[in-house]
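What follows is the residue order along each chain.
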Amino acid sequence: MGVLTYTDEHTSPVAPARIFKASILDSHVLMPKLLPDAIKSIQLIKGDSGPGSIKQINFDGGFAKHQIDEVDEKTFTYKYTLIEGNGISDKIEKVSYDIKFEGSPDGGSISKMTTTIYTYGDFEIKEDELKAGKEKVLGLYKVVETYLLKNPDAYV
């Protein structure tokens, strides 16, 4: 088994509590609303949204299942593992994400995400595939950030 880990950091003018609530706690409502052509629905198929729960994200061309590993509303930390669907293959066993939103000196936030990809055998992921995945995740956060900036009373 191979393991590849990388970390990304993104700054935002939105406070950590707001972006955490919108992008993590209320993602099942907000993401299909903001991205209806890409995300058809997000369903909780096991559990109560706490650790051990499983969410299914339904896309136009497939689905992904996330197992929630940790949710901490006080530290704005969210950990989950992609366990099935788009992104999982005969070469990739699972992908784990560790997300933390911290306050920045200007009242905004710094989001830090560590991604760990577990591959079968000696399979190596190409740099352009990694870059595409990073850009997709950043794009999702930018959509939420834009919504929150345009709606200052949302998720306060």
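In the block above lies the structure referred to throughout.
First, a word on what this report is: a plain description of the structure on this page.

Conventions used here
- Residues numbered from 1 in each chain as written.
- Predicted model: local features only at pLDDT ≥ 70, side-chain atom pairs only at ≥ 80, totals over all residues.
- Heavy atoms only, no water.
- Helix = DSSP H or I, 4+ residues; strand = E, 2+ residues; numbered from the N terminus.
- Buried < 20%, exposed > 50% of the residue type's maximum accessible area, 1.4 Å probe, protein only.
- Areas by Shrake-Rupley, 256 points an atom, 1.4 Å probe, with all protein chains shown as cover.
- Axes fitted to C-alpha atoms, helices over the stretch in contact; angles between N-to-C directions.
- Parallel < 35°, antiparallel > 145°, perpendicular 65-115°, else oblique.
- Contact = heavy atoms within 4.5 Å.
- Nonpolar A, V, L, I, M, F, W, Y, C, P; charged D, E, K, R; others polar.
- Lys, Arg positive; Asp, Glu negative; His and termini not counted.
- Salt bridge = Lys/Arg side-chain N within 4 Å of Asp/Glu carboxyl O.
- Polar contact = N/O pair within 3.5 Å; in protein donor to acceptor, adjacent residues only side chain to side chain.

### Regarding the overall build of the chain
So, step 1. Within the chain, the secondary structure is distributed over three helices and seven strands.
So, step 2. Starting at the N terminus and walking to the C terminus, you meet the elements of the chain as β-α-α-β-β-β-β-β-β-α.
So, step 3. In terms of overall dimensions, the chain has C-alpha extents of about 50 × 30 × 30 Å along its principal axes.
So, step 4. For the chain, with 156 residues in total, the buried portion stands at 39%.
So, step 5. Here the chain displays about 8,700 Å² of accessible surface, and carbon together with sulfur accounts for 52% of that area.

### Description of the packing of helix α1 (residues 16-25) against helix α2 (residues 27-34)
So, step 1. Relative to each other, α1 and α2 sit at 80°, their axes nearing to 6 Å. It follows from the interaxial angle that α1 and α2 lie roughly perpendicular. Seen from α1, the contacting residues are A22, S23, I24 and L25; seen from α2, they are S27, H28 and L30.
So, step 2. Taken together, the residues of the contact of α1 with α2 break down into four nonpolar, three polar and no charged.

### Observations regarding the side chain of K55
So, step 1. Residue position: K55 is located in strand β3 (residues 54-59).
So, step 2. Look at K55: it is buried, it has no salt bridge, and the nearest opposite charge is D26 at 8.7 Å.
So, step 3. Here the side chain of K55 touches S27 through a polar contact of 3.1 Å, side chain to side chain.
So, step 4. The contacts of K55, once residues within four sequence positions are left out, are I24, S27, I42, Q43, L44, A64, K65, H66, I68 and Y78.

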